[in-house]
Amino acid sequence: TILLRYNVWDKKYNVKAYPEIEDMILDSRIQAAIICNPHPFHAMPAITCMDIGVHVLVEKPLASSLIDCDLILRKAQETGAKLSIVSQRRFYNPCQRIRSAIDTGKIGKPILGTTTVYSWRDQEYYDSDGWRGTWKDEGGGVLVNQSPHQLDLLQWFMGPIEELYGYWDNYNHPYIEVDDTALAVIRFKNGGLGNIIVSNSQNPALYGKVSIHGSNGASIGVQTEGGSTFIAGVSSINTPPLNDIWTIPGEEKMLEKWEKEDSDFFKTINPMQYYIQLQIEDFLQAIIDNREPLVTGDDGRRTVEIFTAIYRSQRDNRPVKFPLEPEQDRD
């Protein structure tokens, strides 16, 4: 049965399939791998690859638990393998503008950061794969699957978190076990405040946004998604990422120019491939140059910390201090 299954994969996708990761690596002599299986099962293939000397790019999130995150990070440190996490939205031009404005002091100190994801997933989506919508096989809901990109951007812009208080619930998806809505309030280590609102309960979906407000009164933001976040292999990215707020003194009129530039550019590319290709190129160049990739393994753990903190905060009915340590029997 196993051999028949692999033969079917060979014919359907025109690739050679292997029952064991070690066999694939040794036979193909690969030097880098992308881990794309369900979130709770990222650790084993990532660790196996690094043990054999293969560099690893892990699909978001790094894992569904801090225990697995730390196992992966420890193995990367032990072996010297390069480790990166898929977060291709960092490569969007509007996101790069925000990062540059913060780095050059154009908004002063970031003092308020918000991320909002109003999306939608229907029952057909959850029924499409048996692992979706379960704690055991998906590791969580909207926080774990649809929100990591925005959670990564929020912390990339605002910096490390000091404390978080959060809630989650399931409002209109009774056929799944996990969260379809969550929110949190945050105190960052730089003294700034933050807010997270993420949901798969808006039909039709509205948007995904990250906004940053500075100590000099300037505000900057990005709409990373218009409508629902895409489903790999099913739907595509239909609207360009755009800066939706920009009040830096002297640059207020740049929004119209950037919107045209970004919209025109969006029409010339395949957005499903272009930005992930930029991240893969950065990852490969990091291997060649022996440097850290733009998105590091530690960055991946920080995203897992955020959604873990929200789950723990509701469980314990209290704020959660950062950094978080794994809980052997409860994480």
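It should be emphasised that the depicted structure is a prediction, and the values quoted were computed from it without experimental measurement. (Residues numbered from 1 in each chain as written. Predicted model: local features only at pLDDT ≥ 70, side-chain atom pairs only at ≥ 80, totals over all residues. Heavy atoms only, no water.)

## Let's talk about the overall build of the protein
Thought 1: A count of helical and extended segments in the protein gives 10 helices and 11 strands.
Thought 2: For a compact globule of 331 residues, the expected C-alpha radius of gyration is about 20 Å, and the protein comes in at 20 Å, within 12% of that figure.
Thought 3: Viewed in the frame of its principal axes, the protein has a C-alpha envelope of about 65 × 45 × 40 Å.
Thought 4: Counted over contacts in the protein with a minimum sequence separation of 6, partners at least 24 positions apart contribute 68%.
Thought 5: Of the accessible surface of the protein, which amounts to about 15,900 Å², a share of 52% is contributed by carbon and sulfur atoms.
Thought 6: Counting 33 positive and 45 negative side-chain charges, the protein places the centres of these two groups 3 Å from one another. (Helix = DSSP H or I, 4+ residues; strand = E, 2+ residues; numbered from the N terminus. Rg over C-alpha atoms; globule rule 2.2 N^0.38 Å. Contact = heavy atoms within 4.5 Å. Areas by Shrake-Rupley, 256 points an atom, 1.4 Å probe, with all protein chains shown as cover. Lys, Arg positive; Asp, Glu negative; His and termini not counted. Charge placed at Lys NZ, Arg CZ, Asp CG, Glu CD.)

## Focus: unusual backbone geometry
Outside of glycine, negative phi angles account for most residues, and trans bonds account for most peptide bonds.
Thought 1: Following lysine 60, the chain continues to proline 61 via a peptide bond in cis, the omega torsion being -10°.
Thought 2: You can see proline 61 is positioned in the loop between strand 2 (55-58) and helix 4 (66-79).
Thought 3: At the junction of asparagine 203 and proline 204, the peptide bond is cis and its omega measures out at 5° in the coordinates.
Thought 4: Its location among the elements puts proline 204 in the loop between strand 7 (193-199) and strand 8 (207-214).
Thought 5: Its identity is not glycine, yet arginine 29 carries a phi of approximately 55°, on the positive side.
Thought 6: Residue placement: arginine 29 occurs in the loop between helix 2 (21-28) and strand 1 (32-35).
Thought 7: Although it is not a glycine, asparagine 317 adopts a positive phi angle of roughly 55°.
Thought 8: Structurally, asparagine 317 can be placed in the loop between helix 10 (297-316) and strand 11 (320-321).

## Let's talk about the sheet that holds strand 1
Thought 1: Taking strand neighbours across the sheet as the criterion, the 3 strands line up as 1-2-3 in an open arrangement whose pairing is parallel. Among the strands making up the open sheet, the edge pair consists of strand 1 and strand 3 (83-85). For this sheet, the mean inter-axis angle between neighbouring strands, taken without regard to orientation, is 20°.
Thought 2: Bridge count for strand 2 against strand 3 is 3 bridges, and the pairing is parallel. Across the sheet, valine 56 pairs through a bridge with leucine 83, a residue of strand 3.
Thought 3: Here helix 3 (residues 43-51) sits on the sheet in contact with strand 1 and strand 2, set at roughly 175° to strand 1. (Pairing = 2+ DSSP bridges. Axes fitted to C-alpha atoms, helices over the stretch in contact; angles between N-to-C directions.)

## Points about the pattern of salt bridges
Thought 1: Within this structure, the stated rule accounts for 25 salt bridges.
Thought 2: Its salt-bridge partner being arginine 99, residue aspartate 103 comes within 2.5 Å of it at the nearest N-O pair. One end of the pair is aspartate 103 and the other is arginine 99, both in helix 5 (residues 93-103) and 4 residues apart, which spans about a single turn.
Thought 3: Here glutamate 162 makes a salt bridge to lysine 189, at a shortest N to O gap of 3.1 Å. Here the residue glutamate 162 occupies a position in strand 5 (residues 161-169), and lysine 189 occupies one in the loop between strand 6 (181-188) and strand 7, the gap between them amounting to 27 residues. (Salt bridge = Lys/Arg side-chain N within 4 Å of Asp/Glu carboxyl O.)

## Regarding the packing of helix 3 against helix 4
Thought 1: The N-to-C vectors of helix 3 and helix 4 enclose an angle of 5°; their axes lie 9 Å apart at closest approach. Relative to helix 4, the element helix 3 is oriented roughly parallel. Only Asp68, Leu71, Ile72, Lys75, Ala76 and Thr79 of helix 4 make contact with helix 3, whose side of the interface consists of Ala43, Ala46, Ile47, Met50 and Asp51.
Thought 2: Counted by class, the contact of helix 3 with helix 4 contains 7 nonpolar, 1 polar and 3 charged residues. (Parallel < 35°, antiparallel > 145°, perpendicular 65-115°, else oblique. Nonpolar A, V, L, I, M, F, W, Y, C, P; charged D, E, K, R; others polar.)

## Some words on the packing of aromatic side chains
Thought 1: For the structure shown, the criterion picks out 13 aromatic pairs.
Thought 2: Aromatic pair phenylalanine 265 and tyrosine 274: ring centres 5.3 Å apart, planes at 75°, arrangement edge-to-face.
Thought 3: Taking the relative accessible area as the measure of exposure, tyrosine 274 reaches 31% and is therefore partly exposed.
Thought 4: In textbook terms, an aromatic cluster arises when at least three aromatic residues are bridged by ring pairs, as seen for Tyr92, Phe265, Tyr274 and Tyr275.
Thought 5: One cation-aromatic arrangement involves arginine 99 over tryptophan 156; the distance from NZ or CZ to the ring centre is 5.6 Å. (Phe/Tyr/Trp six-rings, centres within 6.5 Å; stacked < 30°, edge-to-face > 60°. Buried < 20%, exposed > 50% of the residue type's maximum accessible area, 1.4 Å probe, protein only. Lys NZ or Arg CZ within 6 Å of the ring centre and 35° of its normal.)

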